[in-house]
Amino acid sequence: MSDVLIIGGGFAGVWSALGAARLADQRLTITLVAPGDDLVIRPRLYEAAPAALRVPLERILQPTGVTRLPAVVTAIDTDRRSVTVTRVDGQPADLSYRRLILASGSALRRPALPGHEHLFDVDTLPNAVALDSHLRTLPARPAGSGRFTAVVIGSGFTGLEVSTELAGRLRALAGPAAHEVRVVLVERAATLGPELGPGPRPVITAALDELGIEIHLNTSAASLDATRVLLTDGTEIPAHTAIWTAGMMASPLTRQIPGKRDHLDRLLVDKHLRAPEAPEVFVAGDTAAASADDSHLTLQSCQHAIPLGRYAGHNAAADLLGLPALEFAPAPYVTCLDLGAAGAVLTTGWDRAVKLTGSTAKDLKRTIVEKRIYPPLDDLEEILNAGDPERAWK
Ligand SMILES: Cc1cc2nc3c(=O)[nH]c(=O)nc-3n(C[C@H](O)[C@H](O)[C@H](O)COP(=O)(O)OP(=O)(O)OC[C@H]3O[C@@H](n4cnc5c(N)ncnc54)[C@H](O)[C@@H]3O)c2cc1C
């Protein structure tokens, strides 16, 4: 039996563990279940050399006394307050809990179109590594016919970061054959980056233009094979690389908790991040739809996963220790979008007013993804401080 059982070793799960451990001060048993040994730095998976983009969970959790169990959760029984796991040795086990924190993240919804097995993505570390390895094979292929052409499907946050990064990466790989490089961004909607709104669009459009990225709106991929992509508008693009970026859905474990879910399958939670119909369950990160302010729900982002984790961990521990719960209150919303060699764009507020562009925004983006979203390691005091929910998103 764990006092607090956390499902997931991503941003929300790790910061839940820190939030709970900080408040509990060794008075509760806390267990974190996740299949991998590392916190994967998912927001950087569009970068080159993704294999290094991880942090050992042991160096975060071990100093705090949080127990780590490498396993996959296959079922949750909220009546019995237990979860069923499959351990890494393949053996099943049941774990009981007093409070559960669901932080099992989200996953890209890949399409079932003909040739989908040729699609790459940057949603998980293994898939990002597979793309990186594939790109490194391109220079040895025969010249021409789409060798250095990449088609990126979806122009949301991930599609924009992938395509702008790829423009530079393919040119570096191509060397003297740089004239062969072609990056094509495909968007089903009539506008680029539909969920980003009109604010940053001129900056994004100018960056894509500067990098020579082609844009195809009102279309999507219809089918593909290893060397070409056919779009739904009939355009055929010789391309050795196709990357799917559209559509992240919450972990299917959300369906095992009673309660309402939104269109992304996230559980709607109360202001303390509790699942209203399963009061022993708290929800954080990409599995939670929480109020970020009076008129907006949280987004599937690190920016929200980290504070959601802090509050969920704190409140789960507070519930057991008879202490008051804290109302979730994230820092004001900002977006910092990487635009490859064209810099970045920083926006503030939900209407995404542009505040910084170019290399200044790029420096900030690097600081965020290379420093601020990393947890402290080894040092107990620093690690526990990072779990303080009332600290603004660093
Ligand atoms: C390419 C890319 C770029 C991004 N860029 C940004 C950005 O610039 N800014 C930003 O704020 N956000 C960005 N995001 C989004 C951000 O990465 C996610 O919102 C964040 O990772 C969510 O944290 P999480 O802990 O909820 O989920 P995750 O980080 O996905 O962690 C989920 C954890 O749960 C575990 N898990 C899953 N299923 C089970 C199970 N059945 N049993 C046990 N454990 C399980 C996983 O192994 C993992 O440890 C980006 C995402 C991607 C893919």
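These numbers were taken from a predicted model, which means no experiment stands behind them.

## Some remarks on the pattern of salt bridges
Taken as a whole and assessed by the stated rule, the structure comprises 30 salt bridges. Note that Glu47 is salt-bridged to Arg44, the shortest N-O span being 2.9 Å. Arg44 shares its class with Glu47; the two are buried. For Asp262, the salt bridge goes to Arg266, with nearest N and O atoms at 2.8 Å. Residue Arg266 is classed as buried on the basis of its relative accessible area of 3%.

## Description of the packing of helix α1 (residues 11-24) against helix α6 (residues 302-321)
Here α1 crosses α6 at 35°, and the two axes come no closer than 7 Å. Considering only the axes of α1 and α6, their crossing is right-handed. Residues Phe11, Ala12, Trp15, Ser16, Gly19, Ala20, Arg22, Leu23 and Ala24 of α1 lie in contact with α6, whose contacting residues are Cys302, Ala305, Ile306, Gly309, Arg310, Ala312, Gly313, His314, Ala317, Ala318 and Leu321. Broken down by class, the residue content of the contact of α1 with α6 amounts to 13 nonpolar, 5 polar and 2 charged.

## Let's talk about the side chain of Thr245
With respect to the helices and strands, the residue Thr245 is situated in the loop between β16 (241-244) and β17 (248-250). Of the polar contacts made by the side chain of Thr245, one reaches the backbone oxygen of Ile153; its length is 2.8 Å. Within the local environment of Thr245, its side chain forms a polar contact with the backbone oxygen of Gly154, the two atoms lying 3.1 Å apart. Among all residues touching Thr245, those that are not within four sequence positions of it are Leu108, Val152, Ile153, Gly154, Thr158, Gly159 and Val162.

## A short note on the UniProt feature "domain: FAD/NAD(P)-binding" (unreviewed entry) in the protein
Mapped onto the present numbering, the UniProt feature "domain: FAD/NAD(P)-binding" (unreviewed entry) falls at residues 3-306. Summarising residues 3-306: 21% helix, 31% strand, and an end-to-end C-alpha distance of 21 Å.

So, how was this worked out
- Residues numbered from 1 in each chain as written.
- Predicted model: local features only at pLDDT ≥ 70, side-chain atom pairs only at ≥ 80, totals over all residues.
- Heavy atoms only, no water.
- Salt bridge = Lys/Arg side-chain N within 4 Å of Asp/Glu carboxyl O.
- Buried < 20%, exposed > 50% of the residue type's maximum accessible area, 1.4 Å probe, protein only.
- Axes fitted to C-alpha atoms, helices over the stretch in contact; angles between N-to-C directions.
- Helix = DSSP H or I, 4+ residues; strand = E, 2+ residues; numbered from the N terminus.
- Left-handed = near helix turned anticlockwise from the far one by under 90°.
- Contact = heavy atoms within 4.5 Å.
- Nonpolar A, V, L, I, M, F, W, Y, C, P; charged D, E, K, R; others polar.
- Polar contact = N/O pair within 3.5 Å; in protein donor to acceptor, adjacent residues only side chain to side chain.
- UniProt positions renumbered as here; feature names shortened; annotations may be inferred.

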